[in-house]
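Residue-level listing of the chains:
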Protein chains: 2
Amino acid sequence: MKVLLITLEPERAASEPESPAAALRDLGCDVRAFGFDLGFDEDDLSKDPPQLLVLDARERLEMAYSTLKTLRDLPPLQGTPVIVAVTTQRLSSLDFRAGDDFILVPVVPAELYARLRQLDWRFAAFSAADRVKVGDLEIDTSGYEAFVRDRKLDLTHQEFELLKFLAQNRGKVWTREQLLSKVWGYRYFGGTRTVDIHVRRLRAKLGSPADAMIETVRNVGYKLVDPIVGARG
Amino acid sequence: MKVLLITLEPERAASEPESPAAALRDLGCDVRAFGFDLGFDEDDLSKDPPQLLVLDARERLEMAYSTLKTLRDLPPLQGTPVIVAVTTQRLSSLDFRAGDDFILVPVVPAELYARLRQLDWRFAAFSAADRVKVGDLEIDTSGYEAFVRDRKLDLTHQEFELLKFLAQNRGKVWTREQLLSKVWGYRYFGGTRTVDIHVRRLRAKLGSPADAMIETVRNVGYKLVDPIVGARG
DNA sequence: GGTCCGTGATGGATGACTTCCACTGCTCCT
DNA sequence: AGGAGCAGTGGAAGTCATCCATCACGGACC
């Protein structure tokens, strides 16, 4: 599980026993730790958004909420569940408007694990149907549906995954090998022409003029462009 | 706050330090304590229903869930939030379909208070709408009944739970594994084909054309769609 | 103790999807 | 202008997920 951890001393956090960082590490989470000054690159975050946000607030609850307010405005963190680690003394200052969960320090790894499972259970239902829009194209990633001007596309699974990936990473050209590894999976063994064929069927189903959104870049690969942005260039 | 407490030894419960009973007493709650055999009068309960249900399960989690199942069927407890007190050792056996929140014993009163406030906030925000409508389908979650165009469906328990879950989370595709963990319980280990079977039986009972509301998404799973929304394709 | 009902497992059939192959057409470089 | 290489096209075969029929098990109820 990918976790974004905000803590006082990011470097030393995991070495402290009974800290949220140590517990997350023990649970085998993929943790990226940052301080409350948030020294991370927002683009990096967008490419690989975390599934969970953990705020190691302890005594510094006000500072943590201030940071959380900033984090909530970042698009890649929209709808991400949050767990706030807090001391017993500061429990009374907790603010539940965020609708998330809290845990006491010292952290019991088994409890943290249970709260993760609980959040997963609660949020699975809530995870807002996130939609990706590019020009006339609209993709409902949770419903596995794609629309062009409200006309529903009848896509196969692989076609949908390819279109979704291109749309989520629009503007950038992807080689066939990259697409195979990212859309088909890292262990894929096969010819790169498979990508061509899926692009072809995708274009056919998109229809004119939306098919022009998938551009072929000779000797490199494919990219999906926003027609509005593309038109001025 | 009126609390119904289910614990092993109702008479002595409050005298034990760090027990849920003692913590509730310290918080000034109006506690009525009963054993797991539930020796209370249902009429009394109806006249003065509790606002919270606390299960002091500790090691006896299975027994607590069994009791909870019985309690859930009592009309005066419909929609009452539940907190399960459990030991660290039994955390891994928690089933989140049943309880709304949990707390570790020994209980820290301040934490219990915080969890009460959290539950209060959560329940105020989502005042359980016990009737779900999707197209011609109408589900009465508290009455365990489902209707299609006012024709009552004769569903089994598992079929009803599956339909309810899909209806409450319509539009989103769920994998078989997700459905197993959310509808059957996360501890369920078995073939994913079980989901197929129940979907098939559900479709048969829904009848045409309502059966088309449950869509199969190849390579992913199932979802329930609102036919009105779906019609734009 | 027998029967019915709910639940989940198994194996085969079906049909859709993915992939590969051979060919054609196009683009860019020389 | 010619050629090499890359991308698009059509068809065909293999694979795989889903659906379906049937059966086995366990509990509830009579």
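Our subject is the structure listed above.
The structure reproduced in this document is the subject of the present report. On a predicted model such as this, the values are computed, not experimentally measured, just so you know. (Residues numbered from 1 in each chain as written. Chains lettered and ligands numbered in written order. Predicted model: local features only at pLDDT ≥ 70, side-chain atom pairs only at ≥ 80, totals over all residues. Heavy atoms only, no water.)

With that settled, consider the overall build of chain A. Each helix and strand counted, chain A has 8 helices and 12 strands in total. The principal-axis extent of the C-alpha atoms belonging to chain A is close to 65 × 35 × 35 Å. Here chain A holds 233 residues, and the buried ones make up 47% of them. Restricting to contacts in chain A with at least 6 residues of sequence separation, those with at least 24 account for 58%. Summed over all atoms, the accessible surface of chain A reaches about 11900 Å², with 50% contributed by carbon and sulfur. With 33 positive and 35 negative side-chain charges, chain A shows a separation of 6 Å between the mean positions of the two kinds. (Helix = DSSP H or I, 4+ residues; strand = E, 2+ residues; numbered from the N terminus. Buried < 20%, exposed > 50% of the residue type's maximum accessible area, 1.4 Å probe, protein only. Contact = heavy atoms within 4.5 Å. Areas by Shrake-Rupley, 256 points an atom, 1.4 Å probe, with all protein chains shown as cover. Lys, Arg positive; Asp, Glu negative; His and termini not counted. Charge placed at Lys NZ, Arg CZ, Asp CG, Glu CD.)

In the region of DNA strand D, 19 residues are neighbours, and Arg193 and Tyr222 of chain A together with Arg193, Thr216 and Tyr222 of chain B sit closest. What you see for DNA strand D is that sugar and phosphate hold 58% of its atoms within 4 Å of the protein. Between DNA strand D and Arg176 of chain A there is a distance of 3.4 Å, counted from a phosphate oxygen to a side-chain nitrogen or oxygen. Those elements that provide at least two residues to the surface near DNA strand D are helix H7 (193-206) of chain A together with helix H7 (193-206) and strand E11 (214-217) of chain B. Looking at the surface near DNA strand D, its residues break down into 4 nonpolar, 4 polar and 11 charged. (Near = heavy atom within 4 Å. Polar contact = N/O pair within 3.5 Å; in protein donor to acceptor, adjacent residues only side chain to side chain. Nonpolar A, V, L, I, M, F, W, Y, C, P; charged D, E, K, R; others polar.)

A surface patch of negative charge is lined by Asp41, Glu42, Asp43 and Asp44 of chain A. Mapped onto the secondary structure, Asp44 of chain A falls in helix H2 (residues 42-47). (Patch = residues over 30% accessible without salt bridge, like charges linked within 9 Å, V, L, I, M, F, W, Y side chains within 5 Å. Salt bridge = Lys/Arg side-chain N within 4 Å of Asp/Glu carboxyl O.)

Here we take up the nonpolar core. Formed by 29 residues in total, the largest nonpolar core has its most connected members in Leu137, Ile139, Leu153, Leu162, Leu163, Leu179 and Leu224 of chain B. Put simply, the parts of the chain that give this core at least two residues each are strand E6 (131-134), strand E7 (137-140), strand E8 (145-148), helix H5 (157-168), helix H6 (176-184), H7 and strand E12 (221-224) of chain B. Counting residues per element, this core draws most heavily on H5 of chain B, at 6 residues. Apart from the residues within four sequence positions on either side, Leu224 of chain B is in contact with Val134, Leu137, Leu163, Leu166, Ala167, Arg170, Gly171, Met213 and Ile214 of chain B. Residues Leu162, Leu180, Trp184 and Val195 of chain A belong to the second largest nonpolar core, which totals 28 residues. (Core = buried A, V, L, I, M, F, W, Y, C linked by side-chain atoms within 4.5 Å.)

The end-to-end C-alpha distance of H7 of chain B is 20 Å, a good match for the 20 Å that 14 residues give at a rise of 1.5 Å each. Following H7 of chain B by one or two positions, Gly207 of chain B adopts a phi angle in the positive range, close to 75 degrees. (Expected span 1.5 Å × (residues − 1).)

Our focus in this paragraph is the packing of aromatic side chains. Taken as a whole, this structure holds 7 aromatic pairs over all chains when the rule is applied. Pairing Phe34 of chain A with Phe40 of chain A gives two aromatic rings, centres 5.0 Å apart and planes at 65 degrees, and the pair type is edge-to-face. Given the relative accessible area of 15%, Phe40 of chain A is considered buried. An angle of 65 degrees between the planes, with centres 4.8 Å apart, marks the rings of Phe165 of chain B and Trp174 of chain B as edge-to-face. Here Phe165 of chain B and Trp174 of chain B have matching classes, each one buried. Above the plane of the ring of Phe102 of chain A lies Arg115 of chain B, whose end atom (NZ or CZ) is 3.9 Å from the centre. (Phe/Tyr/Trp six-rings, centres within 6.5 Å; stacked < 30°, edge-to-face > 60°. Lys NZ or Arg CZ within 6 Å of the ring centre and 35° of its normal.)

Our next topic: the protein's contact with DNA strand C. Around DNA strand C sit 25 residues in total, of which Thr156 and Gln158 of chain A together with Thr156, Arg193 and Thr194 of chain B are the nearest. Residue Gly191 of chain A places a main-chain N or O atom 3.4 Å away from a phosphate oxygen belonging to DNA strand C. The contact in question runs from a phosphate oxygen of DNA strand C to an N or O atom on the side chain of Trp184 of chain B, over 2.9 Å. Listed by contribution, the elements that provide at least two residues to the surface near DNA strand C are helix H5 (157-168) and H7 of chain A together with H5 and H7 of chain B. With 5 residues, the single largest contributor to the surface near DNA strand C is H7 of chain B. Here the residues of the surface near DNA strand C are counted per class, giving 6 nonpolar, 14 polar and 5 charged.

What follows deals with the sheet that holds strand E12 (residues 221-224) of chain A. Residues and elements named next belong to chain A. Taken together, the 3 strands give an open sheet; going across it, the order is E10-E12-E11, and neighbouring strands pair in antiparallel fashion. Every interior strand has two partners, whereas the edge strands, strand E10 (174-175) and strand E11 (214-217), have only one. For E11 and E12, the ladder comprises 4 bridges, and the chain directions are antiparallel. By the bridge assignment, Glu215 is partnered in E12 with Lys223. Strand contacts of H5: E10 and E12, with the helix running at about 70 degrees to E12, the strand carrying the most contacts. (Pairing = 2+ DSSP bridges. Axes fitted to C-alpha atoms, helices over the stretch in contact; angles between N-to-C directions.)

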